Amino acid sequence: MDFSKEKYSFAHSIIAIKQPLIMGKTVHVRKGFDIKLVGKASTETVQAPKSSIFAIQPPDFKTLIPKLIAKQGDEVLAGQPLFYDKDRPEIKIPSPVSGEVVEIVRGAKRRIMEVRIVPDKENQYASFSIPKELTKENVTELLLESGCWSYIRQRPFSTIADPATPPKAIFVSCFDSAPLAPDNDYILKDEKVSFQRGLSVLNTLAGGNLNVGIADGQAELVGNAISADKTHEVKGPHPAGNVGIQIHHINRIKKGETVWYVNPQDVVIIGRLFETGKYQAERTIAITGSLVKKPAYVKVLTGQPLKDIIGDNIAIDDNTRLIHGNVLTGHTTHHDSYISFYESQISAS
């Protein structure tokens, strides 16, 4: 009896089983520098105290011209829109908490600077219907309805993505290489399910062209949420973790093209929405820098006052510089401000 066919078939199957998964590109960033600063957050997370007021700040959103939906005195639910973009009314910015809109703070030329809300004792959520099967159309609809579309931004210019103009790809960078940057492995370890759910949603939105940049050892964080060939390992010094650098090396933008991107913790918020039907704006931020008494991670809600989060952990005086973000690309803020819509780091130097 001739067993040659059977032997070939068996051997071929063994080779196929042992063959490793086809991964995406391996990117080596050659030029750059890791800046070593004092004040890295220790792997300890505390819960921020409850705050008596929250504020969403329209200047957080580049080029957005806010038109109010909620007026002073209105009661809102978490996830209910506070304002929308005058030029793109489908883009709405949601409230992080339920409560009463108590003040609309205006600046020069009556520009809206803050929408302040006194929160309820217990957060009450607007409820959104989760589609049974995800399509690009119903994903877009739910993200716009819930206000979570505002977490998707586009390059160039880092403005909120235009839902009417499909991108060539969507990108997520799983790590941050900036000075004293938050450790996303630590932050996302208990959010892995929501993170992977968010990646699946974005992959549907991208038509399968979601690209995820990872550092060494982060493949487990992504799991099976996307195909292996769209997971790219990025090596090298800062700015290796910058999503713009990863876009340049993996699928660079040409004239007339746009690419969308989403921060890792914003992916988690999108994932929670598609798990629970609720907009839950909790995030973990790193309090870092040489002037911080005890650098650590704090669980907060978007729009929470900085003074409630910082407390006496930072000695505030005339020489203290508070920064939303890192010392290279962040912007100066002040003790009486609020957690920015996209932020995951506060630096004090």
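Residues numbered from 1 in each chain as written. Predicted model: local features only at pLDDT ≥ 70, side-chain atom pairs only at ≥ 80, totals over all residues. Heavy atoms only, no water.

Participant: With reference to specific residues and values, describe a negative patch on the surface.
Facilitator: Residues Asp-74, Glu-75, Glu-100 and Asp-120 make up a contiguous surface patch of negative charge. Assignment of secondary structure puts Asp-120 in the loop between strand E9 (112-119) and helix H2 (136-146). (Patch = residues over 30% accessible without salt bridge, like charges linked within 9 Å, V, L, I, M, F, W, Y side chains within 5 Å. Areas by Shrake-Rupley, 256 points an atom, 1.4 Å probe, with all protein chains shown as cover. Salt bridge = Lys/Arg side-chain N within 4 Å of Asp/Glu carboxyl O. Lys, Arg positive; Asp, Glu negative; His and termini not counted. Charge placed at Lys NZ, Arg CZ, Asp CG, Glu CD. Helix = DSSP H or I, 4+ residues; strand = E, 2+ residues; numbered from the N terminus.)

Participant: Any chance you could break down the packing of aromatic side chains for me, citing the residues and the numbers?
Facilitator: Two numbers describe a pair of aromatic rings. These are the distance of the centres and the angle of the planes. Here the structure, examined in full by the defined rule, presents nine aromatic pairs. For the pair Phe-61 and Phe-341, a centre-to-centre distance of 4.9 Å together with 65 degrees between the ring planes defines the contact as edge-to-face. Of this pair, Phe-61 sits in the loop between strand E3 (54-56) and strand E4 (66-68) while Phe-341 sits in the loop between strand E19 (331-333) and strand E20 (345-348); the two residues are 280 residues apart in sequence, bridging distant segments of the chain. Ring centres of Trp-149 and Trp-260 lie 5.3 Å apart, and the angle between their planes is 80 degrees; on these two criteria the pair is classed as edge-to-face. You can see Trp-149 sitting in the loop between H2 and strand E10 (153-155) and its partner Trp-260 sitting in strand E15 (residues 259-261), a full 111 residues away along the chain. By relative accessible area, which is 2% here, Trp-260 ends up buried. Here a set of aromatic residues connected by ring pairs shows up, and it is made of Phe-61, Phe-83, Tyr-151, Tyr-279, Phe-341 and Tyr-342. (Phe/Tyr/Trp six-rings, centres within 6.5 Å; stacked < 30°, edge-to-face > 60°. Buried < 20%, exposed > 50% of the residue type's maximum accessible area, 1.4 Å probe, protein only.)

Participant: I'd like a rundown of the nonpolar core, residues and numbers included.
Facilitator: When a protein is soluble and globular, its nonpolar side chains tend to lie buried together. With 64 residues, the main nonpolar core has Leu-143 and Trp-149 as its most contacted residues. Among the elements that make up this core, the one with the highest residue count is helix H7 (residues 264-276) (six residues). Dropping the residues within four chain positions of it, Trp-149 is found in contact with Ile-91, Thr-140, Leu-143, Leu-144, Ile-160, Ala-161, Asp-162, Pro-163, Leu-205 and Trp-260. Residues Ile-285, Val-298, Ile-309 and Ile-314 belong to the second largest nonpolar core, which totals 14 residues. (Core = buried A, V, L, I, M, F, W, Y, C linked by side-chain atoms within 4.5 Å. Contact = heavy atoms within 4.5 Å.)

Participant: An account of the sheet that holds strand E6 (residues 81-85) is requested, with residue identities and associated values reported.
Facilitator: Judged by pairing direction, the sheet is antiparallel, and its three strands sit side by side in the order E4-E6-E7 without closing on themselves. Looking at which strands have only one partner, the edges of the open sheet turn out to be E4 and strand E7 (92-94). Neighbour to neighbour, the strand axes of the sheet diverge by 35 degrees on average, direction disregarded. (Pairing = 2+ DSSP bridges. Axes fitted to C-alpha atoms, helices over the stretch in contact; angles between N-to-C directions.)

Participant: Account for the pattern of salt bridges, with residues named and values stated.
Facilitator: Enumeration according to the criterion identifies nine salt bridges in this entry. With a closest N to O distance of 3.5 Å, Lys-294 and Glu-44 form a salt bridge. Taken together, the residues span a long stretch of sequence, with Lys-294 in the loop between strand E16 (282-288) and strand E17 (296-301) and Glu-44 in the loop between strand E1 (26-28) and strand E2 (45-47) at a distance of 250 residues. Notably, a salt bridge pairs Glu-103 with Arg-116, separated by 3.2 Å at the nearest N-O pair. Here Glu-103 is found in strand E8 (residues 99-106), whereas its partner Arg-116 is found in strand E9, with 13 residues between them in sequence. Residue class for Glu-103 comes out partly exposed when judged on its relative accessible area of 33%. The partly exposed category is assigned to Arg-116, whose relative accessible area is 22%. Overlapping salt bridges, with partners in common, bring together Glu-103, Glu-114 and Arg-116 in one network.

Participant: Help me get a handle on the sheet that holds strand E5 (residues 75-76), residues and values and all.
Facilitator: Judged by pairing direction, the sheet is antiparallel, and its four strands sit side by side in the order E3-E9-E8-E5 without closing on themselves. Looking at the sheet topology across the chains shown, the edges are occupied by E3 and E5.

Participant: An account of the confidence of the model for the protein is requested, with residue identities and associated values reported.
Facilitator: Scored by pLDDT, the protein comes out at a mean of 92, with 94% of its residues at no less than 70. Note on residues 1-21: pLDDT under 50 across the span, and one contact to partners over four residues away in sequence or across chains. (pLDDT = per-residue confidence, 0-100.)

Participant: Pulling in residues and values, what's your account of the pairing of E6?
Facilitator: Walk down a regular strand and you will see the side chains alternate between the two sheet faces. Two elements, E4 and E6, share three bridges in a ladder whose sense is antiparallel. Residue pairing for E6: Pro-66 is matched across the bridge by Asp-85. Taking the residues between adjacent antiparallel strands as the criterion, E6 and E7 are bridged by six residues.

Participant: With reference to specific residues and values, describe a nonpolar patch on the surface.
Facilitator: Among the surface-exposed residues, Phe-33, Ile-35, Leu-37 and Leu-328 lie close enough to one another that they form a single nonpolar patch of about 380 Å² accessible area. With respect to the helices and strands, Phe-33 occurs in the loop between E1 and E2. Using a relative accessible area of 61% as the deciding quantity, one classes Phe-33 as exposed.

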